[in-house]
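Topology and contacts: notes
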Amino acid sequence: SRAIHTTTAQRAKGKELETLQLLALSEEIPLSALMSVGDADVVDSVHAQGLLEIRGRYSRKVSLQGTLSHQVVADATAPGKARELLEIFLGVPGNEALLKPSVRLKWQQIAGLPTSPGLVHDAALEALSEGHADLCLEILNEGHDASPETDLVRLEALIGGGYLEHAGEILERLRAQF
C-alpha cells in the first residue's frame, strides 16, 4: 500500500529518484519524451529494477510500473523538486502538448505554482468528457473561476452528476448574466 510505495521510491536515489518522480508527475508519456530529459543509463537502471512499464510497439509509452502508485510518489515529491522537474520537462520543445490538462494542473499544484483559469477550465472539460462529473466539479471548485464559460461546464457536470438543485442555482445565475 502507501508505505510500500513510499519505501520503494525512497530506496531510489539521485537521478533514479528524479526519473521516478518525473514519471509519477507526468503519469504517462512517450518513451522518447523521457529519453529527451533523462539520462539513458538512469532510465535503463530504473527499467532493470522493474519500476517502469513500457507499452506499445510503435508509439511506446512509459509510466511507473503498475504496482508503484504514481499518486503516492507524486505526493511525496517536494514542491521545489516538482517545479524543477516541470521546468526541465517543459524546456524540451513539444513536451507541453504531451501532458493532459488534468496532469499539468496537478503537477503545477504539487509544485506550488499558480494555475490559470484556462488550464482549470481545460482540466474540468477533460474530466467531464471522460464521464467524471464529480472530478470536474472538484477541479472547478478549486479553480475559483466564475466566468459564464466555466459556469456552463459546471452546469453540465451538476446535471451529469445528478445535482439538480445546485444546477438550478447556476442556471439562475447564468440567466441573470444574459
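Residues numbered from 1 in each chain as written. Predicted model: local features only at pLDDT ≥ 70, side-chain atom pairs only at ≥ 80, totals over all residues. Heavy atoms only, no water.

Here's the deal with the overall build of the protein
We count it as follows: Each helix is a run of H or I in the DSSP string that is no shorter than four residues. Each strand is a run of E no shorter than two, and both are numbered from the N terminus. Note on definitions: a residue-residue contact is assigned when non-hydrogen atoms from the two residues lie within 4.5 Å. We get accessible surface area from the Shrake-Rupley algorithm with a probe of 1.4 Å; when it comes to residues, only the shown protein chains can shield them. By the counting scheme adopted, Arg and Lys are positive, Glu and Asp are negative, and His together with the chain ends is not counted. A charged residue contributes its charge at one atom only: NZ of Lys, CZ of Arg, CG of Asp or CD of Glu.
When helices and strands are counted, the protein shows 11 helices and 3 strands. Starting at the N terminus, the α and β elements of the protein follow one another as α-α-β-α-α-β-β-α-α-α-α-α-α-α. Seen through its C-alpha atoms, the protein measures out along the principal axes to roughly 60 × 35 × 35 Å. When contacts within the protein are restricted to residue pairs at least 6 apart in sequence, long-range pairs at least 24 apart make up 54% of them. When the accessible area of the protein is evaluated, it comes to approximately 9,800 Å², of which 55% is carbon and sulfur surface. In the protein, 16 side chains carry a positive charge and 25 a negative one; their mean positions are 6 Å apart.

Focus: the sheet that holds strand β3 (residues 61–64)
Heads up, the rule is: Here, strands pair whenever DSSP counts at least two bridges between them. Only the contacting stretch of a helix is used when fitting its axis, a line to C-alpha atoms as for every element, and angles between N-to-C directions run 0 to 180 degrees.
If you walk across this open sheet you meet the 3 strands as β1-β3-β2, and the pairing is antiparallel. Of all the strands in the sheet, the pair left with one neighbour each is β1 (29–30) and β2 (52–55). Sheet topology note: the β2/β3 ladder contains 4 bridges and is antiparallel. Across the sheet, residue Ile54 finds its bridge partner in β3, namely Val62. In this fold helix α2 (residues 14–26) packs onto β1, β2 and β3, with an angle of close to 105 degrees to the strand it touches most, β3.

Some remarks on the confidence of the model for the protein
Heads up, the condition is: Confidence of the predictor in every single residue is expressed as pLDDT, which spans 0 to 100.
Residue-level pLDDT values for the protein average 89, and 93% of them are 70 or greater. The spread of mean pLDDT over the elements of the protein runs between helix α1 (residues 2–11), the lowest at 53, and helix α6 (residues 79–90), the highest at 97.

Considerations on helix α7 (residues 101–110)
Here is the rule we go by: Residue burial is assigned from relative accessible area. The probe radius is 1.4 Å, only protein chains are included, and a residue is buried under 20% of its type maximum, exposed over 50%, and partly exposed in between.
When α7 is considered as a whole, its buried residues turn out to be Ser102, Val103, Arg104, Leu105, Trp107 and Gln108. Looking one or two places after α7, you find Gly112, whose phi comes out positive at around 75 degrees.

Describing the side chain of Glu18
Relative to the elements of secondary structure, Glu18 occurs in helix α2. On the accessibility criterion, Glu18 (16% relative accessible area) is buried. Those residues in contact with Glu18 that sit more than four places away from it in its chain are Lys81, Glu84 and Leu85.

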